[in-house]
Amino acid sequence: MLLYLFKRMAVFIPTFFGITLLTFAMIRLIPGDPIELMAGERGIDPERHAILRAEMGLDDPIVFQYLNYIGDVLQGDLGVSVVTKTPVLDEFLALFPATVELSFFAIIFALSIGLPLGIIAALRRGSMIDYTTMGISLTGYSMPVFWWALILMMVFSVTLGWTPVSGRISFLYYVEPVTGFLLIDTWLEGNWAAFKSALWHLVLPATALGTIPMAVIARMTRSSMLEVLGEDYIRTARAKGLSSWRVVMIHGLRNAMIPLITVIGLQVGVLLAGAILTETMFSWPGIGKWLIESVRRRDYPSLQGGVLLISAVVIIVNLIVDVLYGVFNPRIRKQ
Amino acid sequence: MTNPLLHIEDLSVQFGSFTAVENLSLKLELGEILGIVGESGSGKSVTMLALMGLIAYPGKITAKKLEFNGKDLLSISAKERRSLIGKDMSMIFQEPMTSLNPSYTVGFQISEALKVHEGGSRRARYKRCVELLEQVGIPDPTKRLKAFPHQLSGGMCQRIMIAMAIACNPKLLIADEPTTALDVTIQAQIIELLQSLQRDQGMTLIMITHDMGVVAQCADRVNVMYAGQLVEDRAAEKLFSEPNHPYTSALLSALPERSKGKNRLPTIPGIVPGPLDRPVGCLFSPRCFAVQEQCSGNRPPLELDSDGATRCFYPLRAEVIKSTELKSEIEGVDHQHDLEKTEGWA
């Protein structure tokens, strides 16, 4: 098991270098001079410009610059935001919990609706239930996130008034960040009103963000389940006199989960991309909104660092998926 | 014993308009070994799956009587049926490797059958599992219980399947081509194992097989099936010495052991008719070496005789002279279907 884990981790080392190279190159490819950009419209005299260039290492050969960058990254130094002058890593870590909280609830939403829908559709193949659930899932998959977010806001916030429109928590509450996760922080404080407010603020963004993964999971669960239910060992399980519930949930789902785990892992990447849109729509103070603002402000260090960190998160999630894959599939584990 | 263990009368299984099994009747006593033989597609497995209640939705089962151990299987609830199958009546299948769940250990899967039907403590079940593995001849049972199916050979897997099936001491064990997927040396071992278990436990064994050799080795009685119909029912010895139905006779003469000195292994030309090309008359008539005019117009009924039953207008034993006359026709048919020979029963 440990060897398997190390093998999987080894694969990610070249991936990580590939990403640093890409983000590094992307920034260099964008036209414009960072010093002129920092100086802004006032401009800068050529002498000072040359000194700054030398100071910032921009005169070094490009390979050196890259190696310097890698060296900094490996030491946890992602540079300083051009706009706020705070280290990129600090900004990222301050905002990251908000995105994790949102994504976590989005994936919970996707799983708790998608899995049962897929299982029911597979068990009632060809019935009205099957067509209806698959129709819903196709619709969910096809809807653009920003449009879906607007519709949700219109219906549930504006017309019905059930949920808040945007933000992470009502402005009435101030919560001292301990973990950065509002639900945990308010719970630790015992501030139930704030906890409730934070939870209500989560409902719409999590639904909007979780809809596409929900649709994908429902469809994949259905097809995976259909395949598994036709297997010989399902017949064996029935022949043992087991209840239908046990046959489907214990013998069926366990095997259907093997391909599903990979799909769910890939959805995390989709989720982070979706978070950029969702967070912007709902003014959710997370990584997505921060990245969009960095683009708008031409804050290259933030952008570069942010993309790198998000990639690292996706890599780690995939590593977890690989481990889970081994847990669910004994044929992988023992080899 | 007055009531037979298993009593089937006029069982039919239909998939849409296709009749997979037609009016099959069967009576079995406790401790009997029945061999069911026939080519692929003759409805052997479907009959037994119907008995177990494992025919999925589009399949429709009708019967005048379907009784097991005094219980009417047609009227009991699904729950009552589930308490019977896997306990008093259990089944093992053709492909042992895929019939075991790849995600669970062997121990879990055997123990599950015990848990559902007999309960008992975890420790008691574990003890019983070890006992069962010993009984089916698996060395080092405590280690094997922790193994996953993919770590075991096909023969091992079939032994595990057998252990699972006999876990609750069933009265009836159905073995659906238990050796088809295994290599020859293992085949013999598995058959011997089934025979010895049957002897020790006094259970009834139904052995579905392609292999006439297996039937000869262990069955008391043989049912020959063709295209969903029972065509001959007879005690094994009698069937082998004096087959009454032309199909039985053709199956027997296709045995390699019986065709010594011939250049070619005799086969039955053609294949079992599918759902769309069933003949109007006797279902076997297009392939029969003894076919007569009446055969292609009407379907023969199953007729009882002194020691069994045959579904044929011209049973071989009753008309000894005719069958000798027809020798020439056999060769004629053979020539016509030379090309199809490879598809025949082998």
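## Things to note about the interface of chain A and chain B
Each partner contributes residues to the interface: chain A has 22 residues there, and chain B has 27 residues. Together chain A and chain B conceal approximately 2,200 Å² of surface at their shared face, both sides included; 56% is due to carbon and sulfur atoms. Its largest share of buried area at the contact with chain B, chain A owes to Arg235, Ala239 and Lys240 of chain A, together 27% of the area lost on that side. For Arg246 of chain A, the salt bridge is made with Glu112 of chain B, and the minimal N-O distance between the two is 2.7 Å.

## Considerations on the sheet that holds strand S12 (residues 303-305) of chain B
All names here are of chain B. Read across the sheet, eight strands follow the order S7-S8-S9-S3-S10-S11-S13-S12 without closing on themselves; strand pairing throughout is mixed. If you trace the sheet from one side to the other, it starts and ends with strand S7 (89-92) and S12, each paired once. Taken pair by pair, the neighbouring strands of this sheet meet at an average axis angle of 20 degrees, ignoring direction. Looking at chain direction, strand S3 (residues 33-37) and strand S9 (residues 204-209) are connected through five bridges and run parallel. Pairing of Ile33 across the sheet is with Leu205, part of S9. Taken strand by strand, helix H1 (residues 44-52) contacts S3, S7, strand S8 (172-176), S9 and strand S10 (221-226), and its axis lies near 145 degrees from that of S7. Contacts from helix H7 (residues 154-165) reach S7 and S8 within the one sheet, and its direction differs from that of S7 by about 175 degrees.

## Observations concerning the pairing of strand S5 (residues 65-68) of chain B
Residues and elements named next belong to chain B. Side chains Leu66 and Phe68 of S5 all project onto a buried face; the interleaved residues Lys65 and Glu67 project onto a face where none is buried. With four bridges joining them, strand S1 (residues 6-15) and S5 adopt antiparallel strand pairing. Across the sheet, the residue bridging to Leu6 is Phe68, located in S5. For S5 and strand S6 (residues 71-72), the ladder comprises two bridges, and the chain directions are antiparallel. Its bridge partner lying in S6, Phe68 is registered against Lys71. Connecting the antiparallel pair S5 and S6 is a turn made up of two residues, with Asn69 showing a positive phi of about 55 degrees.

## So, the state of the cysteines
Residues and elements named next belong to chain B. As enumerated under the stated definition, the model contains zero disulfides over all chains in all. Here Cys157 is not cross-linked by a disulfide; its sulfur's nearest cysteine counterpart is in Cys129, at 16 Å. Looking at Cys157, the relative accessible area reads 0%, which means it is buried.

## Quick notes on the pattern of salt bridges
Residue and element names in this part refer to chain B. On inspection of all chains with the given rule, the structure shows 19 salt bridges over all chains. A salt bridge links Arg299 to Glu22, with the shortest nitrogen-to-oxygen separation between them at 3.9 Å. Of this pair, Arg299 sits in the loop between helix H11 (246-253) and S12 while Glu22 is found in strand S2 (residues 18-28), placing the two residues 277 residues apart along the sequence. Given the relative accessible area of 21%, Glu22 is considered partly exposed. It is possible to trace a salt-bridge network through shared partners that takes in Glu232, Arg234, Lys238, Glu242, Asp305 and Asp307.

About the criteria used
Along every chain, residues carry numbers that run from 1 in the direction the sequence is written. All chains are assigned letters beginning with A, and all ligands numbers beginning with 1, in the order in which they are written. Only residues with pLDDT of 70 or above have their local features reported here, since the model is predicted, and side-chain atom pairs are shown and tallied only from 80 upward, although totals for entire chains, interfaces and linings are computed over all residues. As a convention, hydrogens and water are excluded, and side-chain values are obtained from all of the structure's heavy atoms. Throughout, a contact is declared for two residues whenever any of their heavy atoms are within 4.5 Å. Note on definitions: buried area is the accessible-area loss of two parts on being combined, 1.4 Å probe, summed for both. Salt bridges, as used here, are contacts in which a Lys or Arg side-chain nitrogen is within 4 Å of a carboxyl oxygen on Asp or Glu. Strands were regarded as paired on the criterion that DSSP finds at least two bridges between them. Each helix is a run of H or I in the DSSP string that is no shorter than four residues. Each strand is a run of E no shorter than two, and both are numbered from the N terminus. All axes here are fitted lines through C-alpha atoms, helices being fitted over the stretch that makes contact, and every angle between N-to-C directions spans 0 to 180 degrees. Exposed residues in this analysis have more than 50% of their type's maximum accessible area, buried residues have under 20%, and partly exposed residues fall in between, with area computed by a 1.4 Å probe over protein chains only. By disulfide we mean two sulfur atoms from cysteines, separated by a distance within 2.5 Å.

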